[in-house]
Structures are given as structure tokens and as C-alpha cells.
Amino acid sequence: MPGIDTLHRPLPPGAGPFDLARLRRVLLRAPSRTHAVLEDGVGEEDLLPAAVLFPIVNRGAAPTVLLTQRTAHLKDHPGQVSFPGGRCEDSDPSPAHTALREAGEEIGLAAECVEIAGYLPEYLTSTGFRVTPVVACLTPPFELSPDAFEVAEVFEVPLAFLLDPANHQEHSLHYRGRLRRYHAMPYGRHFIWGATAGMIMSLYRALKAAEG
């Protein structure tokens, strides 16, 4: 588990009751480079465009978020919890296409099972990526066939857990010669942190801002 120390800083009050219609109201209708969240440590270097699918599974009154555990041998972010996604290819017409393509390749999720709900602000990472989070709704039943080379596990976390500030932590570590801070949301044996937790925090803040 990464992290050298845990910072117990209070975060804003809870996000309150959640519903999928409310979700759509707070999301961006299209990707926008005028909205961005900068991860601690983002420099002036060129960032590679990427996109992830932020899949919310419609399980009635208790929606969940589908996440993956990356295999330990991968070059980028080995062993980490992440959303399905990756770098944008020249042949991808849009970030949504990138996210759906990568989700198909990584976990075998068919595009026709996915309903795009909207977008969160771009997330700029200290590892050199400009990530567009594509928020989508999945309605069961749907089938998955994870790529064993890339994905060690696919699992779901209750959305209510991820939006509860009682479960939000802030950690720090030394990276590239300086102390960097990052969000984390430990869930059972899974340590959700870094960019994945940062994008979940973007949704939390959007919902909180909509409350006025």
C-alpha cells in the first residue's frame, strides 16, 4: 500500500441522497479543456491525452461503481485500482470512443451496454496524462470478460461509500524529489488512491456544489 503518512484533514459535509437523474444534471455535457483538475506535482511538460470510463452500475437504490485492479507486471500503474481506460489513439474520434474502446479491451464490456451520462473535468496527472473521465451508467445484466494480462480483478464499490466524506483520506509521498499529496478511499482490501480517487472527488465536489 502506498503512502507515507495520512493527513486527517476535514473535508466538506456529505453529498446526501444520490440518484442517477441528479448525476446527469451535474456533469459536463461535452469534454472541455477549460475545466481541469490538476494533480499535485503536475508540471509544464506536454501531457498525453487519455480517457477513462467512470461506470456507475444501476442497482436500484444502491448504485455501485465498477473498478479494476491492474495486474502487478504492467509498466504503467502496476497493481493499482483504476477505471477502465487508457491513452487516446489517433483513430479515436472522441474521448468517449477511447473510454469505450479501452473498456472493451480491458474488461470485455460491450459498448451497447453503456449509456454515456456526461463528463467530469479533465484530470491532469503528475505522471504525464490529460485524462477525460467519461461517466456512464450500466444497467444489469451485462457480461464481462477481463483481459488477464491487464486486469487482475473487476469489482464494485457502493457509490454511497465513495461519496461519503467519512471515507475520504488525504495521504502524501515523496515522488520525483518532492512531497506530493493525493486522495485515497480504502475499501476492504482495496486501496483506491491517486488519479482514480481524484476523479471520484471531482464527482463528489460537483454534486456538493449543486446543493448550493
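Residues numbered from 1 in each chain as written. Predicted model: local features only at pLDDT ≥ 70, side-chain atom pairs only at ≥ 80, totals over all residues. Heavy atoms only, no water.

A.B. asks: If you had to explain the environment of A210 to someone new, which residues and values would you point to?
C.D. replies: Within the secondary structure, A210 sits in helix α4 (residues 194–210). With a relative accessible area of 51%, A210 lands in the exposed category. Separated by 184 residues in the primary sequence, A210 and V26 place their C-alpha atoms 6.7 Å from one another. (Helix = DSSP H or I, 4+ residues; strand = E, 2+ residues; numbered from the N terminus. Buried < 20%, exposed > 50% of the residue type's maximum accessible area, 1.4 Å probe, protein only.)

A.B. asks: Outline α4, supporting the account with residue identities and numerical values.
C.D. replies: Its 17 residues give α4 an end-to-end C-alpha distance of 24 Å, which sits within 8% of 24 Å, the value for a rise of 1.5 Å per residue. Counted residue by residue, α4 has 12 buried out of 17 residues, so it is predominantly covered. (Expected span 1.5 Å × (residues − 1).)

A.B. asks: Residue-level account of the pattern of salt bridges, with values.
C.D. replies: Evaluated as defined, the whole model comprises nine salt bridges. Notably, a salt bridge pairs R101 with E105, separated by 3.4 Å at the nearest N-O pair. Taken as a pair, R101 and E105 lie in helix α2 (residues 95–107) at a separation of four residues, close to a single helical turn. K208 serves as the salt-bridge partner of E211, at 2.8 Å between the closest nitrogen and oxygen. One network of salt bridges, in which partners are shared, links D92, R101, E102 and E105. (Salt bridge = Lys/Arg side-chain N within 4 Å of Asp/Glu carboxyl O.)

A.B. asks: Break down the nonpolar core for me, with residues and values.
C.D. replies: Counting residues in hydrophobic clusters, the biggest one holds 35 residues, and the most contacted among them are L23, F54, I56, I192 and L203. If you list the elements that add at least two residues to this core, you get α1 (20–26), β3 (48–57), β4 (64–70), β9 (129–138), β10 (151–158), α3 (159–163) and α4. The leading source of residues in this core is α4, at eight residues. With near-sequence residues (within four places) excluded, L203 lies in contact with L23, V26, L27, F54, I56, L120, L159 and L163. If you look at the next biggest cluster of nonpolar residues, it comprises 16 residues, including L109, Y119, L138 and V151. (Core = buried A, V, L, I, M, F, W, Y, C linked by side-chain atoms within 4.5 Å. Contact = heavy atoms within 4.5 Å.)

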